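Chain and residue survey
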Amino acid sequence: MWLALIIGNSRLHWGLFDGKTLCHTYDTERLSKSFVYYLSKCQRLSEVQEILSSSPHTPRQSLFVGNQQDRADSPTTPSFPLLLASVVPSQTALWLTYPNVRVVTLEDIPLQGMYPTLGIDRALALWGAGKTWGFPMLVIDAGTALTFTGADANQNLFGGAILPGLGLQMATLAENTGQLPNVELPHDLPQHFAVNTQQAIQSGVIYTLLAGIKDFVEAWWQSFPQGKIAITGGDRTLLAKYLQSLFPEIAKRLIVEPNLIFWGMEKTQNAQFFHNS
């Protein structure tokens, strides 16, 4: 058994693997140094599962008390292997204190033509999608940022783009204007021409972003008519629903999958260390 940890811009994403099989996933908020210490002392799978699933946010403080001193005094206490991918350097430094951690880098991913500043999350999601469904592959990651990342049939990076995601666009309007409110995303498409401020923000952000997705998808199909498209990230389901209403011909060809980065991590060279150990 081993753990995969993705440190994203907003949250931590955990995957529990049994060899090559992804068994469970968990999401938590940013965690403290004491959590790193406690996790490093877990000896049983049930302990790991309890602290990761105890809350959708931060594990209960009660999990950090009890027999910590006994664990600390034991020189043979094993720690679950941890494979780490991060886009937040300050959080990376925190988790490097974990005693059995390996960090995924671009060098671990066999895609060709990657540039040095390509986000590890983008590269992993693309690798996971391409190795699962085949190349050419375009991945749309609908997280804090909305990203497009594609590779051709020979597993060469074709390129991509980055823009603010749905939630970030909404929040930016509220934080940087004097009177615009913080607006939540609707479950269904709003009307194009709104008659109140809340719906006007929803309409402006959503329809502009969907038009951008359509433009990139059509450009992708011009280069790769049979190219596949996968969508992942926290807003994937909502965006797929919006696209189904507005551009059904695009929506029906989308592969909607939340775990692309985990799949990419499992298929890296670093993960082979865990498989063979």
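These numbers come from a predicted model, not from an experiment.

Core analysis: the largest hydrophobic core is formed by 31 residues, its most contacted members being Ile-109, Leu-111, Leu-124, Met-137 and Met-265. Of all elements in the fold, only β1 (2-7), β4 (82-86), α5 (120-133), β6 (137-142) and α10 (260-266) reach the threshold of two or more residues within this core. Discounting residues that sit within four places of it in the chain, Leu-124 has contacts with Ala-85, Val-104, Ile-109, Leu-260, Ile-261, Gly-264, Met-265 and Thr-268. Core analysis: the second largest hydrophobic core is formed by 29 residues, Phe-148, Ile-206, Ile-231 and Ile-250 among them.

Here the focus is helix α2 (residues 45-53). Turning to α2, its buried residues are Glu-47, Val-48, Ile-51 and Leu-52. For α2, the angular spread of the buried residues around the axis is 120 degrees, confining them to a single face.

In a structure, side chains of opposite charge can pair up when their charged atoms sit close to one another. Under the counting rule described, the total for this entry stands at five salt bridges. Taking the shortest distance from any N to any O, the salt bridge between Lys-241 and Asp-188 comes out at 3.1 Å. Here Asp-188 lies in the loop between α6 (166-175) and α7 (197-223) and Lys-241 lies in helix α8 (residues 236-246), a separation of 53 residues in the sequence. A residue is classified by how much of its surface remains accessible, and Lys-241, at 40% relative accessible area, is partly exposed. According to the relative accessible area criterion, Asp-188 is partly exposed, its value standing at 48%. Between Lys-267 and Glu-266 there is a salt bridge, with its nearest N and O atoms 3.8 Å apart. In this structure Lys-267 comes out as partly exposed when scored by relative accessible area, which is 31%. Overall, Glu-266 belongs to the buried group, its relative accessible area being 8%.

Reading the values: the criteria
Residues numbered from 1 in each chain as written. Predicted model: local features only at pLDDT ≥ 70, side-chain atom pairs only at ≥ 80, totals over all residues. Heavy atoms only, no water. Core = buried A, V, L, I, M, F, W, Y, C linked by side-chain atoms within 4.5 Å. Buried < 20%, exposed > 50% of the residue type's maximum accessible area, 1.4 Å probe, protein only. Helix = DSSP H or I, 4+ residues; strand = E, 2+ residues; numbered from the N terminus. Contact = heavy atoms within 4.5 Å. Arc of directions from axis to C-beta. Salt bridge = Lys/Arg side-chain N within 4 Å of Asp/Glu carboxyl O.

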